[in-house]
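The primary structure of each chain is shown beneath.
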Amino acid sequence: HGPYQPHEPGYGLDQPEYSPYDDQIPDPKAQMLAIQNAKAYLLKTSTKSGLNLYDHLANVLTKILDEQPTNTVDIIENISKDVKWARFQKKMDTLRDQYEILPTFEAAEKCKALFVKESGEENEEVIEEEIGQSPLPNVMETAFYFEQAGIGLSKDESYYIFLALKNLTSVQPIQTCRFWGKILGLEMNYIIAEVQLREGEEEEEAGEEVTEEEGKGMDEVEEQDEEKKKEDEPPKSTYKPPPDIPKEANGTGANKYVYFVCNEPGKPWVKLPPVTPAQIVCARKIKKFFTGRLHAPVVSFPPFPGNEANYLRAQIARISAGTHVSPTGFYQFPEEEEEEEGGDTYEENPDFEPPSVAEMVGSVSTWAHHVKNILKQGRCVWINPQKSEEKNEDEDEEEEEEEEEMDEQQEETGPPLLTLLSEDEGIKDIPAWTAQHSTNLIPQHSVAIIQSNRWPGAYAFATGRKFENIYFGWGHKYSPENYTPILPPPVQEEYPSSPAITEARDPTLEEELAFKAAQEALAADEEEEEEEEEEEE
Amino acid sequence: SLNCLDWSLLTPATKEMLAQAEQLKGRFQGDPSFEYNFAEINPQAAEKLFEGGKEPVIKEEARLIATIEQIDRAVGIVPRGAFVKTPLGSVHENRHFEGLSLVEAKKLSSYFHFTEPVNLKNKTLLEKANLDPSTDFLDSLEHDIPQGSWSVQLEKGGAVVVLRSLLWLGLTFYHVPLTKQYGYIYFGTGEKNMDLPFML
């Protein structure tokens, strides 16, 4: 509208005292009413933008009074525009930015759980009692020694593993515990702890359920047989599968230790089932990568009896049997050795004098295996599957040192328990073990390191009385030749072929007719001859 | 170098060396002047060499050179975008490379072999239209045969992505996403894993 020009109606109305209605002094009531009407007009909302003039003017004036810019009258239009524009920006966002939970954060949360110390007074007392017998291994110390050799994980990871082992020992009833190593996998890796559970606390494994199921299966088959007795039964096969070789009891032989695995420190530990000889025998024949998931099936030929957890356990057993070594003399057989057990036990030698590091590196005979060798059968102690007597065979086992391959019916022997490493046969011309110093520059503090060539990734160190074994790798044995899978067995013959059973081609129609004609001709000839004879007679 | 102190320069590999080294199997000895006797390994090849006037012996140094070349050629990888190709054809480092994002870092297609591309020409025109010629001029890892010969893992909760080759066991490539850090290194016995198809 702007200022009114003199010729327009309404000129001078905006000036006080010149309003045309001034001479009529309105009643206070009427004035109030007029004010209210004016205000109502100002509050009328615009159809376009939903604003009303009253609020807008109030906002503009508030803003001006707040900010007090210079030359307000010149920029009043801009201020008005800004206020209108600011309406669309909310000060308080009802939608909050959803921050991406970074996977780093999640991983850190899991690790944080490791760092939380168990609270509670009871635990403090327990800790005091057990400090003398803590089963927890000193992973950091071991990591330090291996680091001298250039083997090992980063300090961070070692510490996480340390804390994870501490969790394990507090949860499970554990007598001794050791960090066995790390096996790499396609999707995830495995961290493995070797553990001995306290006696009496071991649970019976689910492996026994298998025999129960088989029992049930047998019952069902018998029922069906009874039903079918009246019907003709197809001939039953006389094939009896070779008897299952029983697995070794928990705590002996290949199942001496119980193994726990986890994918990463911070994740829960999973107990691996004990290993059966069939699994070890099959694991020797296949070579597969680990995926990192324990329940993954192992697809191979010959078909592996079990899933990845069993395959992992079998490889762990083979690696332990092949590469766990200690300085010679550290362990000795107990004095009251009984032949029946087959020298399964060993104890620390209190009179052990550690050879110097130079000696340990110089000759491989300063090291000895302290885990029992696994026989071809898949067990450490041979068992005749047809009988089940063990007594006779054990005595022979101790005496012979060479592995001899014999028939199934005869016993299998293997190297006795504390064999020196020098007796390990190499592969072609590669020695089985390679030994070296950790450093040539400081011989006083150097450590003797030995690494296996048969199982690449297995290392052991020794210095003074301390020694330790560890494994970092993919979990496969080394062979210079390529791996060839076993050929499938030849197709079995259903029956021996003999002339009585071989089919001959049936004679065709023409042949039959020709034969008949020939016969008739013969008969005719005979008749003719007879006739001739008769005639002659 | 044998002790990280004294270094000796290796000559680049020749095709002969590569061909001969492929026939050698087994571990390295550790002595660069050790000589493998060809006669034991492959008498036919030895005879050929005899005729050619050379001795049927190959030095470990040559085997080492050939192995390094093979590893680099087969499994030397770089992240996508780390190198650019100019219109003139020359390839050089991309100074603006900021690293791959976490999502990209998990995919095999964001890593390339750092050698002459072999498969690039075989791609259909449709696929080529999506490529950016300045960064996508190398073979990606997706089409490596056999499939699944790389293992991708995130360490430290996603802070580092680690690729391990299963063809050459011991080759490890690392990259910290969203940074310029990447690299690959080989620790191992120097033997190709010929059993890979059985192991997957």
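Heads up: the structure comes first, above all this text.
None of these values were measured; they are calculated from a predicted model.

Caption draft 1: Structural detail: the overall build of chain A. Secondary structure summary: chain A contains 13 helices and twelve strands in total. Taking the contacts inside chain A whose residues are at least 6 apart along the sequence as the reference set, 62% of them involve residues at least 24 apart. Counting only carbon and sulfur atoms, one obtains 51% of the accessible surface of chain A, whose full area is about 37100 Å².

Caption draft 2: Expanded view of the overall build of chain B. Scanning chain B from terminus to terminus reveals seven helices and ten strands. Relative to its 200 residues, chain B shows a buried fraction of 36%. Expressed as a percentage of contacts within chain B between residues at least 6 apart in sequence, the contacts between residues at least 24 apart total 55%. Of the roughly 12200 Å² of accessible surface on chain B, 57% is carried by carbon and sulfur atoms.

Caption draft 3: Broad picture of helix α3 (residues 72-86) of chain A. Residues and elements named next belong to chain A. With 15 residues, α3 should cover 21 Å at 1.5 Å per step; its first-to-last C-alpha distance of 18 Å lies more than 12% under that length. If you check which residues of α3 are buried, you get Ile-79, Ser-80 and Val-83. Looking at the buried positions of α3, the neighbouring elements they touch are α2 (53-67).

Caption draft 4: Layout of the packing of helix α9 (residues 277-285) of chain A against helix α10 (residues 308-323) of chain A. Residues and elements named next belong to chain A. One can describe the packing of α9 onto α10 by two numbers: an axis separation of 9 Å at closest approach and a directional angle of 85°. On the basis of their axis angle, the class for α9 and α10 is roughly perpendicular. Facing Gln-279, Ile-280, Ala-283 and Arg-284 of α9, the residues of α10 in contact are Asn-310, Tyr-311, Ala-314, Gln-315, Ala-317 and Arg-318. Classifying every residue of the contact of α9 with α10 gives five nonpolar, three polar and two charged.

Caption draft 5: Quick look at the sheet that holds strand β2 (residues 190-197) of chain A. Residue and element names in this part refer to chain A. The eight strands lie next to each other as β4-β3-β2-β1-β12-β11-β10-β9, forming an open sheet whose pairing is mixed. If you trace the sheet from one side to the other, it starts and ends with β4 (270-271) and β9 (433-437), each paired once. Contacts between helix α7 (residues 155-171) and the sheet are confined to β1 (174-183), β2 and β3 (258-262), with β1 contributing the most and set at about 145° to the helix.

Caption draft 6: Spatial organisation of the nonpolar core. Residues and elements named next belong to chain A. If you look at the biggest cluster of nonpolar residues, it comprises 30 residues, and the most contacted ones within it are Trp-180, Ile-183, Tyr-190, Ile-192, Leu-272 and Leu-312. Broken down by secondary-structure element, the contributors of at least two residues to this core are β1, β2, β3, α9 and α10. With eight residues, α10 is the largest single contributor of residues to this core. Among residues more than four places away in sequence, those in contact with Trp-180 are Ile-192, Ala-193, Glu-194, Tyr-259, Ile-316, Ile-319, Ser-320, His-324, Asn-469, Ile-470 and Tyr-471. In this structure, Ile-151, Ile-174, Leu-197 and Phe-461 belong to the second largest nonpolar core, which totals 26 residues.

Caption draft 7: Representation of the pattern of salt bridges. Residues and elements named next belong to chain A. Inspection of every chain in the model, using the stated rule, returns seven salt bridges over all chains. The salt bridge involving Glu-194 is made with Arg-178; its shortest N-O contact spans 3.0 Å. Of this pair, Glu-194 sits in strand β2 while Arg-178 sits in strand β1, and the two are 16 residues apart along the sequence.

Caption draft 8: How the structure looks around a nonpolar patch on the surface. A grouping of Leu-10, Leu-64 and Ile-68 of chain B is seen on the molecular surface, where their side chains present a nonpolar patch of about 210 Å² in accessible area. Residue classification places Leu-64 of chain B among the partly exposed residues on the basis of a relative accessible area of 35%.

Caption draft 9: Looking closely at the environment of Tyr-190 of chain A. Residues and elements named next belong to chain A. Relative to the elements of secondary structure, Tyr-190 occurs in strand β2. According to the relative accessible area criterion, Tyr-190 is buried, its value standing at 0%. Sequence spacing of Tyr-190 and Asn-263 is 73 residues, and the spatial spacing of their C-alpha atoms is 4.7 Å. Beyond its immediate sequence surroundings of up to four residues, Tyr-190 is in contact with Gly-181, Lys-182, Ile-183, Val-261, Cys-262, Asn-263, Phe-290, Gly-292, Arg-293, Leu-294, Glu-308 and Leu-312. One polar contact links Tyr-190 to Glu-308, side chain to side chain, over a distance of 2.6 Å.

Caption draft 10: Here's a closer look at the sheet that holds strand β7 (residues 150-155) of chain B. Residue and element names in this part refer to chain B. Taken together, four strands build an open sheet; the order of strands is β7-β8-β9-β10 and the sheet is antiparallel. Of all strands in the sheet, those with a lone pairing partner are β7 and β10 (182-186), marking the two edges. Neighbouring strand axes in the sheet, compared pairwise and without regard to direction, differ in orientation by 20° on average. Examined bridge by bridge, strand β8 (residues 160-165) and strand β9 (residues 171-175) share four bridges and lie antiparallel to one another. Its bridge partner lying in β9, Leu-163 is registered against Phe-173.

Caption draft 11: Seen up close, the packing of aromatic side chains. All names here are of chain B. Summed over the entire model, instances satisfying the criterion amount to 14 aromatic pairs over all chains. For the pair Phe-173 and Tyr-182, a centre-to-centre distance of 6.5 Å together with 35° between the ring planes defines the contact as tilted. The exposure class of Phe-173 is buried, given its relative accessible area of 0%. Relative accessible area serves as the criterion here: at 23%, Tyr-182 is assigned to the partly exposed category.

Caption draft 12: Focus on the pairing of strand β12 (residues 466-473) of chain A. All names here are of chain A. Burial analysis of β12 places seven of its eight residues in the buried class, the great majority of the element. Pairing of β1 with β12, which is carried by three bridges, proceeds in the parallel orientation. In the strand pairing of β12, Lys-182 is matched with Phe-472. Bridge count between strand β11 (residues 458-463) and β12: six bridges; the pairing is antiparallel. Residue Ala-462 lies in a different strand from β12, and its bridge partner there is Phe-467. In sequence, β11 turns back onto β12 through a hairpin of two residues, with Gly-464 there showing a positive phi of about 60°.

Caption draft 13: Structural detail: a positive patch on the surface. All names here are of chain A. A contiguous patch of positive charge, built from Arg-284, Lys-285, Lys-376 and Lys-477, is present on the exposed surface. Inspection of the secondary structure puts Arg-284 in helix α9. Residue class for Arg-284 comes out partly exposed when judged on its relative accessible area of 34%.

Caption draft 14: Summary view of unusual backbone geometry. The residue Gln-68 of chain A is not glycine, and still its phi comes out positive at about 50°. Looking at the element boundaries, Gln-68 of chain A is found in the loop between α2 and α3. Residue Gln-68 of chain A is classed as exposed on the basis of its relative accessible area of 60%. Of note, Leu-178 of chain B is a non-glycine position whose phi angle comes to about 65°, a positive value. Looking at the element boundaries, Leu-178 of chain B is found in the loop between β9 and β10. Among the residues examined, Leu-178 of chain B registers a relative accessible area of 59% and is labelled exposed.

The rules we used
Residues numbered from 1 in each chain as written. Chains lettered and ligands numbered in written order. Predicted model: local features only at pLDDT ≥ 70, side-chain atom pairs only at ≥ 80, totals over all residues. Heavy atoms only, no water. Helix = DSSP H or I, 4+ residues; strand = E, 2+ residues; numbered from the N terminus. Contact = heavy atoms within 4.5 Å. Areas by Shrake-Rupley, 256 points an atom, 1.4 Å probe, with all protein chains shown as cover. Buried < 20%, exposed > 50% of the residue type's maximum accessible area, 1.4 Å probe, protein only. Expected span 1.5 Å × (residues − 1). Axes fitted to C-alpha atoms, helices over the stretch in contact; angles between N-to-C directions. Parallel < 35°, antiparallel > 145°, perpendicular 65-115°, else oblique. Nonpolar A, V, L, I, M, F, W, Y, C, P; charged D, E, K, R; others polar. Pairing = 2+ DSSP bridges. Core = buried A, V, L, I, M, F, W, Y, C linked by side-chain atoms within 4.5 Å. Salt bridge = Lys/Arg side-chain N within 4 Å of Asp/Glu carboxyl O. Patch = residues over 30% accessible without salt bridge, like charges linked within 9 Å, V, L, I, M, F, W, Y side chains within 5 Å. Polar contact = N/O pair within 3.5 Å; in protein donor to acceptor, adjacent residues only side chain to side chain. Phe/Tyr/Trp six-rings, centres within 6.5 Å; stacked < 30°, edge-to-face > 60°. Lys, Arg positive; Asp, Glu negative; His and termini not counted. Charge placed at Lys NZ, Arg CZ, Asp CG, Glu CD.

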